[in-house]
Amino acid sequence: MGRSRYKIYEPTHPHFITCTILHWIPIFTRVETTNIIFESLKYLQQTDNLKLYAYVILENHLHLVVSSDDLAKSMTKFKVHTAKEILKLLQVNNVKIILEQLAFYKKAHKKETTYQLWQEGIQPKLIKDDNMMNEKINYIHQNPVKRGYIDEAKFWRYSSARDYEGFDGLIDVCRFW
């Protein structure tokens with residue numbers, strides 16, 4: 001998983017994960033880019049036994065509570081695939097300003113690519129008990145509320161808060177751990 005100092009020591013246990021777009025560039029402002037995230041997560045649910053307990057997607061980062069058969073490998077697949085698909089979408093739509101930023105802020109050691117979409121690492125935090133799980137889920141769901149985007153967490157379309165309130169969300173979420 002890149003050159004991160006954060007490691008996953010319990011690869012099948014739930015972790016709180018943050019994925020951030022390079023230099024906090026707002027990429028998730030269109031349905032098409034968030035759909036790439038959901039399609040990738042759904043694929044991993046089928047192939048890697050990914051369990052998604054909570055999520056939120058904001059304009060330049062996302063938070064997840066997830067587990068899988070090998071979380072480090074699953075998250076590597078996730079970031080590689082989503083980067084490739086989002087960059088392809090930006091190129092097809094000729095979004096020059098964002099592409100130029102992704103090229104400019106790319107890390108110097110990434111010589112084999114023109115662009116870098118994600119910051120390195122995922123900052124995994126092992127969920128140690130029910131209290132911590134509830135704490136991280138609440139943090140995730142309250143993120144858009146704290147930013148002032150909405151008044152209640154259940155109104156954020158790109159969040160599992162809807163699932164926890166009894167509404168249908170955009171992707172299957174495991175509410176029991």
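Residues numbered from 1 in each chain as written. Predicted model: local features only at pLDDT ≥ 70, side-chain atom pairs only at ≥ 80, totals over all residues. Heavy atoms only, no water.

Caption draft 1: A look at the nonpolar core. Counting 49 residues, the largest nonpolar core has Ile27 and Trp118 as its most contacted members. Sequence-distant contacts of tryptophan 118, that is, excluding residues within four places in its chain, are made with Cys19, Thr20, Ile21, Leu22, Phe28, Ile37, Leu62, Phe78, Lys79, Thr82 and Ala83. (Core = buried A, V, L, I, M, F, W, Y, C linked by side-chain atoms within 4.5 Å. Buried < 20%, exposed > 50% of the residue type's maximum accessible area, 1.4 Å probe, protein only. Contact = heavy atoms within 4.5 Å.)

Caption draft 2: Up close: the packing of helix α2 (residues 71-92) against helix α3 (residues 96-104). Close contact between α2 and α3 brings their axes to 9 Å; oriented N to C, the two are set at 135°. Taken together, the axis directions place α2 and α3 in an arrangement best described as oblique. Considering the relative orientation of α2 and α3, their crossing is left-handed. Along its contact with α2, which presents Leu87, Leu90 and Gln91, the element α3 presents Ile98, Leu99 and Leu102. Of the residues assigned to the contact of α2 with α3, the class counts are 5 nonpolar, 1 polar and no charged. (Axes fitted to C-alpha atoms, helices over the stretch in contact; angles between N-to-C directions. Helix = DSSP H or I, 4+ residues; strand = E, 2+ residues; numbered from the N terminus. Parallel < 35°, antiparallel > 145°, perpendicular 65-115°, else oblique. Left-handed = near helix turned anticlockwise from the far one by under 90°. Nonpolar A, V, L, I, M, F, W, Y, C, P; charged D, E, K, R; others polar.)

Caption draft 3: Representation of the layout of surface pockets within the structure. As a volume, the second largest pocket reaches approximately 190 Å³. At the level of secondary structure, the elements contributing two or more residues to the lining of the second largest pocket comprise α1 (31-47) and α2. Its residues assigned to classes, the lining of the second largest pocket shows 6 nonpolar, 3 polar and 2 charged. (1 Å grid on protein atoms, 1.4 Å probe; cavity = no way out; pocket = protein on both sides within 12 Å on 5 of 7 lines; lining within 4 Å. Points joined across faces, edges and corners; volume = space filled by probe spheres on them.)

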